[in-house]
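# Architecture and fold: a report
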Amino acid sequence: MICHDFAPNRGEGQQLTAALRCAGVQGSIKGRPLIYPSLNHDEAGILVHTLMRLLLALLGALALVFLGQPNAAHAQSAPGDEGLPLTLGFIETAFIGELTLEMSAKLDTGADSSSVYARDVRVFEKSRGDDWVRYRLIGDDGRTIRFEKNIVRYAQIKTKRGGSIRRPVVLLDVCVGGTHGVAEFNLADRDQFDYDVLIGREFLASRVLVDSGRRYTAEGACDAYLEAKNPIVENTVTAQSEAGDQSEPDNGSTGGDQALAEDASEAALE
């Protein structure tokens, strides 16, 4: 039987609907089944042609979607690309604080927050009851920086013996592997640990992938960051050297965060 629903001048959607009707595809109206007559040879050819065009259009759209995705290998091999996480080793050199103190850091995806080995930690109150803290950090080269920072919160850290300890948390600038930002660090006694700095997931997430089989993979990656910070470092150290004053600042000497640089070895300070 010839199907008269087909017409070459119809749109593709209308042709496909008509072709399915003529092919005997079952449908229903108000639950009553309908069976349409079969196609003849010419109408079957038009149906096949229409379906092929629709299939090619679908394949073309899928190809555009997949070709538009970034290559995963390229994303890992190009750590400077904006928006792409870079791959670092589990031990890297980090630059901590406004004066970019160089310290070896462990990148630990199993830790939520970051931690730094702080000496001589002293918590005190400023005006309006704000909690502040004084402490000092020692870099890998023996350079010491004393800080006076506002405490943003306190963290309860679990100990190996099953208890917990309350630690002050401060904000510090950090650069590792060319990635830099401001991170929360709790001030800890890490004397029993191999590395003075631990960087956790709060900083690493969406920025860094950690390869546990590698270390020190990005030496020099923070050079541009250091060059931008160096005028601050040089001016501060020069001012301190000229003044000959390496004492801690007075409580009310300034309203902002403070960091004083000293040129001294760890042995002399300890």
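Chains are numbered independently. Their residues run from 1 in the order of the written sequence. Only residues with pLDDT of at least 70 are given local features in this predicted model, and only at 80 or more are side-chain atom pairs given and counted; all residues enter the totals for whole chains, interfaces and linings. The side-chain quantities take in all heavy atoms of the structure and omit both hydrogens and water.

### Quick word on the overall build of the protein
Each helix is a run of H or I in the DSSP string that is no shorter than four residues. Each strand is a run of E no shorter than two, and both are numbered from the N terminus. When you go through the protein residue by residue, the secondary structure sums to six helices and 14 strands. Each of the 270 residues in the protein was classed as buried or not, and the buried ones make up 36%. The Shrake-Rupley method, run with a 1.4 Å probe, gives the accessible areas here. Residue values count only the displayed protein chains as cover. For the protein, the accessible area works out to roughly 16,100 Å², and carbon and sulfur atoms hold 52% of it. The cut-offs for exposure are 20% and 50% of the maximum accessible area for each residue type, with area from a 1.4 Å probe on protein chains only; residues under the lower value are buried, those over the upper are exposed, and the others partly exposed.

### Structural notes on the pattern of salt bridges
Here, a salt bridge means any side-chain nitrogen of Lys or Arg that lies within 4 Å of a carboxyl oxygen of Asp or Glu. Following the criterion strictly, the structure yields eight salt bridges and no others. In this structure, the salt-bridge partner of Arg119 is Asp196, at a minimum N-O distance of 3.9 Å. Taken as a pair, Arg119 in strand E6 (residues 119–125) and Asp196 in the loop between strand E11 (179–188) and strand E12 (197–199) lie far apart in primary sequence, 77 residues in all. Note that Arg153 and Glu184 form a salt bridge whose closest N and O atoms lie 2.9 Å from each other. Of this pair, Arg153 sits in strand E9 (residues 153–158) while Glu184 sits in strand E11, and the two are 31 residues apart along the sequence. A single salt-bridge network, built from bridges that share partners, covers Glu98, Asp173 and Lys229.

### Structural notes on the state of the cysteines
Where two cysteines share a covalent bond between their sulfur atoms, that bond is called a disulfide. Counting rule for disulfides: a pair of cysteine sulfur atoms within 2.5 Å. Throughout the structure, instances matching the rule amount to one disulfide. Put simply, Cys175 and Cys222 are joined by a disulfide, and their sulfur atoms are 2.1 Å apart. Disulfide Cys175 to Cys222: torsion about the S-S bond roughly -100°, handedness left-handed. Of this pair, Cys175 sits in strand E10 (residues 164–176) while Cys222 sits in the loop between strand E13 (208–215) and helix H5 (223–243), and the two are 47 residues apart along the sequence. No difference in accessibility class separates Cys175 from Cys222, as the two residues are buried.

### Some points on a nonpolar patch on the surface
Distance thresholds for patches are 9 Å for like charges and 5 Å for nonpolar side chains (Val, Leu, Ile, Met, Phe, Trp, Tyr), applied to residues having over 30% relative accessible area and no salt bridge. A cluster of nonpolar side chains, Val48, Met52, Leu55, Leu56, Leu58, Leu59 and Leu62, forms an exposed patch at the surface whose accessible area comes to about 660 Å². Tracing the sequence through the fold places Val48 in helix H2 (residues 41–67).

### Observations regarding a negative patch on the surface
The positive count covers Lys and Arg only, the negative count covers Asp and Glu only, and His and the chain ends enter neither. A single reference atom marks each charge: NZ on Lys, CZ on Arg, CG on Asp, CD on Glu. Together, Glu102, Asp140, Asp141 and Glu219 give the surface a local cluster of negative charge. Following the sequence through the fold, Asp140 ends up in the loop between strand E7 (131–138) and strand E8 (144–150). Asp140 gets classed as partly exposed once you look at its relative accessible area, which sits at 46%.

### As for unusual backbone geometry
Phi angles above zero are rare outside glycine, and Asp120 is one such case at about 50°. Here Asp120 lies in strand E6. Overall, Asp120 belongs to the partly exposed group, its relative accessible area being 41%.

### Here's the deal with the confidence of the model for the protein
Across the protein, the average pLDDT comes to 74, with 61% of residues at or above 70. As a per-residue quantity, pLDDT reports the predictor's confidence and falls between 0 and 100. Here, two residues are considered to be in contact whenever any of their heavy atoms come within 4.5 Å of each other. Considering only residues more than four positions removed or in separate chains, one finds that residues 260–270, a stretch of pLDDT under 50, has 33 contacts.

### What about the nonpolar core?
Generally speaking, nonpolar side chains in soluble globular proteins are found buried as a group. Nine residue types can take part in a nonpolar core, namely buried Ala, Val, Leu, Ile, Met, Phe, Trp, Tyr and Cys, and a core is a set of them joined through side-chain atoms within 4.5 Å. Counting residues in each nonpolar core, the largest one holds 30 residues, and the members touching the most others are Ile96, Tyr135 and Ile199. Elements with a contribution of two residues or more to this core: strand E3 (86–96), strand E4 (101–107), E7, E8, E10, E11, E12 and helix H4 (201–204). The residues touching Tyr135, leaving out its near neighbours within four places in the chain, are Ala118, Arg119, Asp120, Val121, Ile145, Arg146, Phe147, Lys149, Val170, Leu172 and Leu187. Counting residues in each nonpolar core, the second largest holds five residues, with Phe95, Cys222, Tyr225 and Leu226 among its members.

### As for the packing of aromatic side chains
The geometry of two aromatic rings is summed up by the distance between their centres and the angle between their planes. Stacked, edge-to-face and tilted are the three classes for Phe, Tyr and Trp ring pairs, Trp counted by its six-membered ring, which pair at centre distances within 6.5 Å; planes under 30 degrees apart are stacked, over 60 edge-to-face, the rest tilted. Applying the stated criterion to the full structure yields one aromatic pair. Seen in terms of ring centroids, Tyr135 and Phe147 are 5.1 Å apart; in terms of plane orientation they differ by 10°. Their pairing is stacked. On the criterion of sequence distance, the pair formed by Tyr135 in strand E7 and Phe147 in strand E8 is long-range, its members being 12 residues apart. Residue Phe147 is classed as buried on the basis of its relative accessible area, which comes to 5%. Here the guanidinium or amino end of Arg119 rests over the ring plane of Tyr117, the centre of that ring lying 3.8 Å away. Over a ring means this: the NZ of a Lys or the CZ of an Arg is within 6 Å of the ring centre and within 35 degrees of the ring normal. When the ring centre of Phe193 is taken as origin, the NZ or CZ atom of Arg190, which lies over that ring, is 4.4 Å away.

### A closer look at the side chain of Ser115
Looking at where Ser115 falls in the secondary structure, it is placed in strand E5 (residues 114–117). Among the residues examined, Ser115 registers a relative accessible area of 4% and is labelled buried. A polar side-chain atom of Ser115 sits 3.1 Å from a polar atom in the side chain of Asn186. When sequence neighbours within four positions are dropped, the list of residues in contact with Ser115 reads Arg167, Phe185, Asn186, Ala188, Arg190, Asp196, Val197 and Leu198. Whenever two N or O atoms come within 3.5 Å, that pair is a polar contact, provided that in protein one can donate a hydrogen and the other can accept it, and provided that, for residues adjacent in sequence, both atoms are side-chain atoms.

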